[in-house]
Amino acid sequence: MRFLLDTGQRDFADALRALLTAADTPAVIRDWSRGEQASGRALWGRVGAAGVFGLAVPEAYGGAGRRAVELAVAFVELGRFAVPGPLAETVAAAVLLDDGAGLAKRFLPGIASGGTLATVAFEQHGYGLALDGDAADVRLAAAPEGLLSSSEAGAVRRSLDPARRLAPLFPVGELLSAEPPWAEALTWARLATAAQALGVGLALLDRTVAYVKQRTQFGVPVGSFQAVRHRLADVKIALEFARPMVFGAAVTMRPADVAAAKLRACEAAYAGARAALQLHGAIGYTAEYDLSLWATKARALRGAWGAPDECRRVVLERR
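Keep in mind it's a predicted model, so treat the numbers as computed, not measured.

Asks: Looking at this structure, how should I read the overall build of the chain?
Replies: A count of helices and strands for the chain gives eleven helices and eight strands. Compactness check: the chain gives a C-alpha radius of gyration of 19 Å against a globular reference of 20 Å for 319 residues, within 12% of the reference. A principal-axis box enclosing the C-alpha atoms of the chain has dimensions of 65 × 45 × 35 Å. Relative to its full complement of 319 residues, the chain shows a buried share of 55%. Once local pairs closer than 6 in sequence are excluded, the contacts in the chain between residues at least 24 apart make up 70%. Averaged over its 36 positive side-chain charges, the chain has a centre that lies 7 Å from the centre of its 32 negative ones.

Asks: Looking at this structure, I do not really get unusual backbone geometry. What am I missing?
Replies: The general pattern is negative phi for most residues beyond glycine and trans for most peptide bonds. Positive phi, close to 55°, is recorded for aspartate 24, a residue that is not glycine. Judged by its relative accessible area of 46%, aspartate 24 is partly exposed.

Asks: I tried to follow the pattern of salt bridges on my own but got confused; where do I start?
Replies: Pairing of side chains with opposite charge becomes possible as their charged atoms draw close. This structure, assessed with the given rule, holds 19 salt bridges. Here aspartate 31 and arginine 34 are joined by a salt bridge, their closest N and O atoms 2.5 Å apart. Close ionic contact of arginine 41 with aspartate 137 constitutes a salt bridge, the shortest N to O distance being 3.3 Å. Here arginine 41, found in helix H3 (residues 38-49), pairs with aspartate 137, found in the loop between strand S2 (129-131) and strand S3 (138-143); they are 96 residues apart in sequence, far enough to count as distant. Connected via shared salt-bridge partners are Arg17, Glu77 and Arg80.

Asks: I tried to follow the nonpolar core on my own but got confused; where do I start?
Replies: In globular proteins that are soluble, nonpolar side chains generally tend to be buried together. In terms of nonpolar packing, the biggest core is built from 100 residues, with Val52, Phe75, Ile111 and Leu140 touching the most fellow members. The greatest single-element share of this core, amounting to 16 residues, is contributed by helix H7 (residues 182-214). Ignoring sequence-local partners within four residues, the contact set of phenylalanine 75 consists of Val52, Leu87, Ala88, Val91, Ala192, Ala195 and Gln196. Listed in part, the six residues of the second largest apolar core include Ala259, Leu263, Val314 and Val315.

Asks: Would you explain the environment of alanine 300 in this entry?
Replies: Structurally, the position occupied by alanine 300 is in helix H10 (residues 291-303). Note on alanine 300: relative accessible area 15%, which makes it buried. A sequence separation of 258 residues divides alanine 300 from alanine 42, and the C-alpha atoms of the two residues are 24 Å apart. Discounting chain neighbours no more than four positions away, the residues touching alanine 300 are Leu160, Asp161 and Arg164.

Asks: Looking at this structure, how should I read the packing of helix H8 (residues 226-252) against helix H9 (residues 255-280)?
Replies: Helix packing for two helices is described by the angle between their axes and how far apart those axes are. Contact geometry for H8 and H9: axes closest at 8 Å, N-to-C directions at 160°. Between H8 and H9, the interaxial angle falls into the category roughly antiparallel. Both H8 and H9 take part in a crossing whose hand is left-handed. In terms of residue class, the contact of H8 with H9 is made up of 18 nonpolar, three polar and four charged.

Asks: In this structure, what is going on with H9? I would like to understand it.
Replies: Spacing of three or four residues puts side chains on the same side of an α-helix, whose turn is 3.6 residues. An ideal rise of 1.5 Å per residue puts 38 Å on 26 residues; H9 measures up with 37 Å between its terminal C-alpha atoms. Following H9 by one or two positions, glycine 281 adopts a phi angle in the positive range, close to 75°.

Asks: Explanation requested: the packing of aromatic side chains in the structure shown.
Replies: The way to describe two aromatic rings as a pair is by their centre distance and the angle between their planes. In total, this model carries three aromatic pairs according to the counting rule given. Their ring planes at 20° and their centres at 4.6 Å tell us that tryptophan 44 and phenylalanine 53 sit as a pair that is stacked. For the pair tryptophan 44 and phenylalanine 53, a shared accessibility class is recorded, and that class is buried. With 5.3 Å between their ring centres and 90° between their planes, phenylalanine 122 and tryptophan 182 make a pair best called edge-to-face. Of this pair, phenylalanine 122 sits in the loop between strand S1 (118-121) and S2 while tryptophan 182 sits in helix H7; the two residues are 60 residues apart in sequence, bridging distant segments of the chain. The buried category is assigned to phenylalanine 122, whose relative accessible area is 18%. Grouped by ring-pair contacts, the aromatic residues Phe122, Trp182 and Trp305 constitute a single cluster. Sitting above the plane of the tryptophan 188 ring, arginine 66 keeps its charged end 5.5 Å from the centroid. Sitting over the ring of tryptophan 294, arginine 207 keeps its end group 4.1 Å from the ring centre.

Asks: Sorry, what's going on with the pairing of S1 here?
Replies: Sheet faces and side chains relate simply in a regular strand, where the side chains alternate between the two faces. With burial as the criterion, each face of S1 is covered, one bearing Ala118 and Val120 and the other bearing Thr119 and Ala121. Summarising the sheet, S1 and S3 pair through four bridges and their orientation is parallel. Pairing of alanine 121 across the sheet is with alanine 141, part of S3.

So, how was this worked out
Residues numbered from 1 in each chain as written. Predicted model: local features only at pLDDT ≥ 70, side-chain atom pairs only at ≥ 80, totals over all residues. Heavy atoms only, no water. Helix = DSSP H or I, 4+ residues; strand = E, 2+ residues; numbered from the N terminus. Rg over C-alpha atoms; globule rule 2.2 N^0.38 Å. Buried < 20%, exposed > 50% of the residue type's maximum accessible area, 1.4 Å probe, protein only. Contact = heavy atoms within 4.5 Å. Lys, Arg positive; Asp, Glu negative; His and termini not counted. Charge placed at Lys NZ, Arg CZ, Asp CG, Glu CD. Salt bridge = Lys/Arg side-chain N within 4 Å of Asp/Glu carboxyl O. Core = buried A, V, L, I, M, F, W, Y, C linked by side-chain atoms within 4.5 Å. Axes fitted to C-alpha atoms, helices over the stretch in contact; angles between N-to-C directions. Parallel < 35°, antiparallel > 145°, perpendicular 65-115°, else oblique. Left-handed = near helix turned anticlockwise from the far one by under 90°. Nonpolar A, V, L, I, M, F, W, Y, C, P; charged D, E, K, R; others polar. Expected span 1.5 Å × (residues − 1). Phe/Tyr/Trp six-rings, centres within 6.5 Å; stacked < 30°, edge-to-face > 60°. Lys NZ or Arg CZ within 6 Å of the ring centre and 35° of its normal. Pairing = 2+ DSSP bridges.

Next up, the structure:
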């Protein structure tokens, strides 16, 4: 089965790519990693104005309606440029807060416009670490009694990806809902993470192909060596298999399909990161070199919103 984007979807991806190309995202990522939020919030506002977060928000609250395929298109581009911030978490928050009444009216317009950063600590209905809990305007936590709006976040913990600033949320705040749609929010967050990982993997492949064309050894580009070509071909095939799984899952939105897409996309991106590091040599391991911004994100996304074993379990249970 072929999943081909229509003209509007391709134009949307091209517009986002142009916006992000002009944004100098490596500089934004490094600012965000240091806790300097000005450039990241400015970029977040432009992404919101482009309609990205509105793709998880009903039209009645300023969004475009729940449009999973378009959301996947957008998140591929966000991953391609390694945009920092609680991206999948904001999508999950939009689903959790969509009660069709007071909560939706109170929170969703800000999320749709990009004016509100939202994050979620979502660990089996217990308190856990929230991405960018220190920077978020809305902090949601899964509590035994339901969905809690946490008013306090703890100190930021170190992460493999410096741009992923994790902070614990404390059980102090307002109880928003006794029965929020946990499963639906998890499915949407996994889809966003899968698409983001696919974009990260594509960027790693593009950067590595460009590098092996210019790096020489024994007087010829290393990209001419058969072993290098085979390694890159394996990454390309893995990403091309992941792409239809991501968009197919966006069409069905079945939990097992989304878990399978998340597993395949994240494993493909992780393989791309490993190949990129090996083929770049020592320079690929330096934090000052931009490749590290994508390589560390590929590893971090692999465990976000469901580690590989958990995604496999979801797929097997649905068979």
